[in-house]
Amino acid sequence: MAPLISEKDLPDYHGKVVLLTGGNSGIGYATIQILARHGAKVYMATRNESRANEAIQKIESEGIGAGSVEWLQLDLSDPRSAARAVQTFLVKEQRLDLLINNAAVGAGPFKLTSDGLLDIMVTNHISHVILTTGLLPLLKQTAAEPRSDVRIIALSSAAHSFVDPSSFATRESLNKDYGNSLKGALNTYGYTKLACMLYFKALQKRFDADGTRITCVSVHPGAIRTPGGESVFAGTPVVGLLFAKVIMPMMFGSWKDGALPVLYAAAGPREKFKDAAYVTPKGVEAPSKAAVDARLSEEVYETTERVVKELNL
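Residues numbered from 1 in each chain as written. Predicted model: local features only at pLDDT ≥ 70, side-chain atom pairs only at ≥ 80, totals over all residues. Heavy atoms only, no water.

S.K.: So what's going on with the overall build of the chain? Residues and values would help.
M.R.: Helix and strand counts for the chain come out as nine helices and eight strands. At 18 Å, the chain has a C-alpha radius of gyration in line with the 20 Å of a compact globule built from 313 residues. Each principal axis of the C-alpha distribution contributes one length, and for the chain these read about 45 × 45 × 35 Å. Put simply, the chain has 313 residues, and 53% of those count as buried. When contacts within the chain are restricted to residue pairs at least 6 apart in sequence, long-range pairs at least 24 apart make up 79% of them. Accessible surface computed for the chain: about 13500 Å², of which carbon and sulfur atoms make up 53%. (Helix = DSSP H or I, 4+ residues; strand = E, 2+ residues; numbered from the N terminus. Rg over C-alpha atoms; globule rule 2.2 N^0.38 Å. Buried < 20%, exposed > 50% of the residue type's maximum accessible area, 1.4 Å probe, protein only. Contact = heavy atoms within 4.5 Å. Areas by Shrake-Rupley, 256 points an atom, 1.4 Å probe, with all protein chains shown as cover.)

This is the structure in structure tokens:
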């Protein structure tokens, strides 16, 4: 299957600013590397400064041309860190052209945080919402400029289709945990990714209603061998460990393979990405029935906004 986009198809990103969560390895690393090679100033928003600096040095040693990569401190397991990252970024930059919510966790067992929220939902969804909404004024300011093309990309997963919830109307609904088995962990991970998709569908609806020229896209990058993916399977005795160490290296794609659908969402024709489109390695495809449910979308949006407000950040 031919890739959706190649590096040579990407536009010139000189003068553009990108923020990507995670990125010291995996799909995020490859995405940062390619965008920087096309002139972008990219922020690698991660928790661990030393690991980030090691990754940035490696990216630079492999060549990034006129682009640049900087570290931004962000611990997605802590909503307050997400709020602080917003303030730090707003001091540093006067524009934001591309926000890529890339980072995620998947390995259980999961637990409630001190805020009474499931840790995987905080990392994969709630903290990303705090980051995104905090940066919305800057994103909108950039979008108002002539010839701008501002996008918010949320890394998703085919696992979003593993679950079919009936409601997201309560705080407790965000804490759904499907158990500690491999299937349970994958379902809980998929549940958080479904919440992300539904939230950005609701956000896109609001952008369209008020004429804001920002495009939201959810991306399933395909079956990619990443450290995070390996950790999910390796945490399950025997079968999961065998899959992580034997099957994944043979059958799963490279980090760059996973970055290409993300880059397509970042640079492909905007008219293809209506209503918070779902992109896979095959192109724009229909997600699960739950992912396009208007009621669930509004419930996720309203519940998440309410929970964030209750955090009193």
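S.K.: Explain the environment of Lys16 to me, using residue names and the numbers behind them.
M.R.: You can see Lys16 is positioned in the segment before strand E1 (17-21). Along the chain, Lys16 and Gln87 lie 71 residues apart, while their C-alpha atoms are 19 Å from each other. Setting aside residues up to four positions removed in sequence, Lys16 forms contacts with Ala40, Lys41, Arg95 and Asp97.

S.K.: Could you give me a rundown of the packing of helix H1 (residues 26-37) against helix H8 (residues 255-267), with the residues and numbers involved?
M.R.: Here H1 crosses H8 at 65 degrees, and the two axes come no closer than 8 Å. Considering how the two elements wind past one another, H1 and H8 form a crossing that is right-handed. Here Gly26, Ile27, Tyr29, Ala30, Thr31, Ile34 and Leu35 of H1 lie close against H8, whose contacting residues are Trp255, Lys256, Gly258, Ala259, Val262 and Leu263. A breakdown of the residues in the contact of H1 with H8 according to their chemical character gives nine nonpolar, three polar and one charged. (Axes fitted to C-alpha atoms, helices over the stretch in contact; angles between N-to-C directions. Left-handed = near helix turned anticlockwise from the far one by under 90°. Nonpolar A, V, L, I, M, F, W, Y, C, P; charged D, E, K, R; others polar.)

S.K.: Tell me about empty space enclosed by the protein, and please be specific about residues and values.
M.R.: Tallied over the entire structure, the rule returns one cavity of 30 Å³ or more. In this structure, the largest cavity encloses a volume near 40 Å³. Mapped onto the lining of the largest cavity, the elements with two or more residues apiece are helix H4 (119-143), strand E5 (150-155) and helix H5 (182-210). In terms of residue count, H5 provides more of the lining of the largest cavity than any other element does, three residues in total. (1 Å grid on protein atoms, 1.4 Å probe; cavity = no way out; pocket = protein on both sides within 12 Å on 5 of 7 lines; lining within 4 Å. Points joined across faces, edges and corners; volume = space filled by probe spheres on them.)

S.K.: Please give an account of the nonpolar core that cites residues and values.
M.R.: By size, the foremost hydrophobic cluster in this structure holds 60 residues, and its most contacted members are Leu19 and Ile152. Only E1, strand E2 (41-46), helix H3 (79-92), H4, E5, H5, strand E6 (214-219) and helix H9 (294-311) provide two or more residues apiece to this core. With residues near it in sequence (within four places) discarded, Leu19 still touches Tyr43, Ala45, Leu72, Phe89, Leu96, Leu98, Leu99, Ile100, Leu131 and Leu135. Listed in part, the 38 residues of the second largest apolar core include Ala40, Ala52, Leu260 and Val279. (Core = buried A, V, L, I, M, F, W, Y, C linked by side-chain atoms within 4.5 Å.)

S.K.: Outline the pattern of salt bridges, supporting the account with residue identities and numerical values.
M.R.: For the structure shown, the criterion picks out 19 salt bridges. Lys41 is the partner of Glu93 in a salt bridge, and the nearest nitrogen-oxygen pair spans 2.6 Å. Here Glu93, found in the loop between H3 and strand E4 (98-101), pairs with Lys41, found in strand E2; they are 52 residues apart in sequence, far enough to count as distant. Looking at Lys41, the relative accessible area reads 25%, which means it is partly exposed. Three or more residues are tied together by salt bridges with common partners; here these are Lys16, Arg95, Asp97 and Glu145. (Salt bridge = Lys/Arg side-chain N within 4 Å of Asp/Glu carboxyl O.)

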